[in-house]
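# A look at the structure
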Amino acid sequence: MRDGVAGVTGRAGKVIGVQCVCRIMAHRKTHGSVVVDFWQRALAFPVTILTLSLLTWGAVGALPAALFFATMIALKLIGHLRQLARMEHWSMSPESGGVPEGRGAWEDFSGNLNKLMRKQREAREKHAAALQQIEQATAALPEGVVILDETDHIEWCNPLAERHFGLDGSRDISQQITYLARQPEFVQYLALSNYAEPLILRGTRQDEMVLSIKVVPYGVNKKLLISRDITHLERIETMRRDFVANVSHELRTPLTVVNGFVETLQDMPKLDNEMSRRALQLMGEQTKRMEGLVDDLLTLSRLENTLNTLVEEEVDVPVLLQSLYQDGQALSAGQHVLKLELNCTARLAGNGGELRSAFSNLLSNAIRYTPQGGEITVCWSVHENGAPTYSVKDSGIGIAPEHIPRLTERFYRVDRSRSRETGGTGLGLAIVKHIASRHQAHLGVVSEEGSGSTFSITFPAKRRL
Ligand code: ADP
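Residues numbered from 1 in each chain as written. Predicted model: local features only at pLDDT ≥ 70, side-chain atom pairs only at ≥ 80, totals over all residues. Heavy atoms only, no water.

### As for the pairing of strand β2 (residues 154-157)
Each regular strand carries side chains that alternate between the two faces of the sheet. In the sheet, strand β1 (residues 144-148) pairs with β2 via 3 bridges, with the strands oriented antiparallel. Paired with I147 across the two strands is W156, which belongs to β2. Linking two consecutive strands that pair antiparallel, namely β1 and β2, is a turn of 5 residues; a positive phi of about 65 degrees is found at D152 within it. (Pairing = 2+ DSSP bridges. Helix = DSSP H or I, 4+ residues; strand = E, 2+ residues; numbered from the N terminus.)

Have a look at this one:
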């Protein structure tokens, strides 16, 4: 096997060797013929003049022959000098035009120089195109990239890095990056040269951007600084932390109450019936509250699960609203004037269970936040543009404008104690918003503090059946 390989290598080597010799000979041949051509052309004129001068000498004497020879040689010299001057003039700005054409010995030289210039131009254009492609690719990168030299001076940066560090690519090149991004932790990170872990840099600019920064050393002491905007991820992480804290807080209060009653009951050997009934009633209320909270949390998590796709069916909304209206009357217990306006008979393509949950959430909110004697109108209608709309209008306490954008945040309440008193979990509108978005619908709120609110869900016209 080794012999085989060696044999093949040997034969291949010979073939390559022969090819090389041929190429060198061909090169020498062409080079040799070029040299011969040059001397032929260069000497043709002096030899011709010399021959003519000798003939003149023989015919009319030495002086006219010498004069003729000297004149012709001087003219040739002037021609060469002129060509040289044109070449020098061209060499001062070679981009302005082609190599000046020459005759005789200059002909090949000008031609070759022209060819060389063309090749150089083509190579330059190719490099410029490659560079432009690299620039476009790095500009499209979803990360900021800065090239730093051994002393952390900026050699190049892409537009995203300009945005991340507030740099100006044309002005800040050659500046030390730590003069421009001065956060102490960033300066220290670069100085320590321990780049195993990325640096999380907060508040890099006024817009409170959070960056994840990584340094990759390469080449001879060069560094590639890669920055990624993780503001969004940080926000999600903060929301997750707040959510866990809020849930724990929400559960702790009823648990403390129930626990307190259990301990009291245990400590009191002789409990009269009235006391134990009262304690059990309060414990029941608190466990119901916890149950409601856990139910809402489970509903939210089910809605948020991306794998849980919407199962659609034909929902008879007027029938659904009739049933909700009955539930509403039971909840209101005759304390409000409840109206149901069915302005259309449109059915909806959607999930019956989810729609029931969203519609009843809005109705129960209207009942809970409307004082006794108030009026609540549930309405099902179709807009002029064909969009089916469910709305609940109440004459309740209303909401101040500054609270409206935050109402769908989990556990956001305008009046915490009122929400609790009426059995609210603070998750109702978050659930409604999720359900609306799963149906490509829009949740709208119009409210005036002290006068009442109208909550509406507007579905896309294509959902109307
Ligand atoms: P909660 O369980 O506290 O009612 P929601 O998410 O359903 O939670 O509502 C969030 C907050 O929005 C409520 O705490 C309340 O302050 C306000 N809100 C909701 N619906 C109404 C309404 N119809 N009138 C006045 N305020 C409302």
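### Examining the pattern of salt bridges
The final tally for this structure, using the stated rule, is 18 salt bridges. One salt bridge in this structure joins R241 and E237, with 3.6 Å as the shortest N-O distance. Taken together, the positions of R241 and E237, both in helix α7 (residues 231-267) and 4 residues apart, correspond to about one turn of that helix. Owing to a relative accessible area of 46%, R241 belongs among the partly exposed residues under this scheme. Since its relative accessible area comes to 31%, E237 is described here as partly exposed. R356 is the partner of D327 in a salt bridge, and the nearest nitrogen-oxygen pair spans 3.0 Å. Of the two residues, D327 is situated in helix α9 (residues 317-332) and R356 in helix α10 (residues 352-368); the sequence distance between them amounts to 29 residues. Residue class for D327 comes out partly exposed when judged on its relative accessible area of 41%. With a relative accessible area of 31%, R356 lands in the partly exposed category. (Salt bridge = Lys/Arg side-chain N within 4 Å of Asp/Glu carboxyl O. Buried < 20%, exposed > 50% of the residue type's maximum accessible area, 1.4 Å probe, protein only.)

### A word on the packing of aromatic side chains
Under the counting rule described, the total for this entry stands at 7 aromatic pairs. Each member of the aromatic cluster is reached from another via a ring pair, and the members are F359, W380, Y390 and F459. It is R410 that lies over the ring of F243; its NZ or CZ is 4.4 Å from the centre. (Phe/Tyr/Trp six-rings, centres within 6.5 Å; stacked < 30°, edge-to-face > 60°. Lys NZ or Arg CZ within 6 Å of the ring centre and 35° of its normal.)

### Considering the packing of α7 against helix α8 (residues 273-304)
For the pair α7 and α8, the least separation of the axes is 9 Å and the interaxial angle reads 160 degrees. In terms of axis orientation, α7 runs roughly antiparallel to α8. When the axes of α7 and α8 are compared, the crossing they make is left-handed. Along the contact surface, α7 presents F243, V247, E250, L251, T253, P254, L255, V257, V258, F261, V262 and L265, while α8 presents A279, L282, M283, Q286, T287, R289, M290, L293 and L297. When grouped by side-chain class, the residues that make up the contact of α7 with α8 number 16 nonpolar, 3 polar and 2 charged. (Axes fitted to C-alpha atoms, helices over the stretch in contact; angles between N-to-C directions. Parallel < 35°, antiparallel > 145°, perpendicular 65-115°, else oblique. Left-handed = near helix turned anticlockwise from the far one by under 90°. Contact = heavy atoms within 4.5 Å. Nonpolar A, V, L, I, M, F, W, Y, C, P; charged D, E, K, R; others polar.)

### Considerations on the packing of α9 against α10
In the contact formed by α9 and α10, the axes pass within 10 Å of each other and the chain directions differ by 35 degrees. For the element pair α9 and α10, the recorded crossing hand is right-handed. In this structure, α9 uses V317, L320, L321, S323, L324, D327, G328, L331 and S332 to contact α10, whose residues at the interface are L355, R356, F359, S360, L363, S364 and I367. Along the lines of polarity and charge, the residues of the contact of α9 with α10 split into 9 nonpolar, 5 polar and 2 charged.

### Here's the deal with a positive patch on the surface
Taken together, K76, R82, R86 and R103 make up a surface patch of like positive charges. Note on placement: K76 falls in helix α2 (residues 62-92). (Patch = residues over 30% accessible without salt bridge, like charges linked within 9 Å, V, L, I, M, F, W, Y side chains within 5 Å. Areas by Shrake-Rupley, 256 points an atom, 1.4 Å probe, with all protein chains shown as cover. Lys, Arg positive; Asp, Glu negative; His and termini not counted. Charge placed at Lys NZ, Arg CZ, Asp CG, Glu CD.)

### A look at the confidence of the model for the chain
Averaged over every residue, the pLDDT of the chain is 87; the share at 70 or more is 92%. When the criterion is pLDDT under 50, residues 1-18 qualifies, and its contacts beyond four places in sequence or with other chains add up to 0 contacts. (pLDDT = per-residue confidence, 0-100.)

### Focus: empty space enclosed by the protein
Inspection of the entire model under this criterion finds 1 cavity of 30 Å³ or more. There is about 40 Å³ of room inside the largest cavity. What lines the largest cavity is E250, P254, R289, M290, L293, R413, G424 and T425. Mapped onto the lining of the largest cavity, the elements with two or more residues apiece are α7 and α8. Residue contributions to the lining of the largest cavity peak at 3 residues, all from α8. In the lining of the largest cavity, the residues fall into 3 nonpolar, 2 polar and 3 charged. Structurally, the lining of the largest cavity is a two-domain feature, drawing no fewer than three residues from each of domain 3 (233-304) and domain 4 (313-463). (1 Å grid on protein atoms, 1.4 Å probe; cavity = no way out; pocket = protein on both sides within 12 Å on 5 of 7 lines; lining within 4 Å. Points joined across faces, edges and corners; volume = space filled by probe spheres on them. Domains from an automatic or database assignment.)

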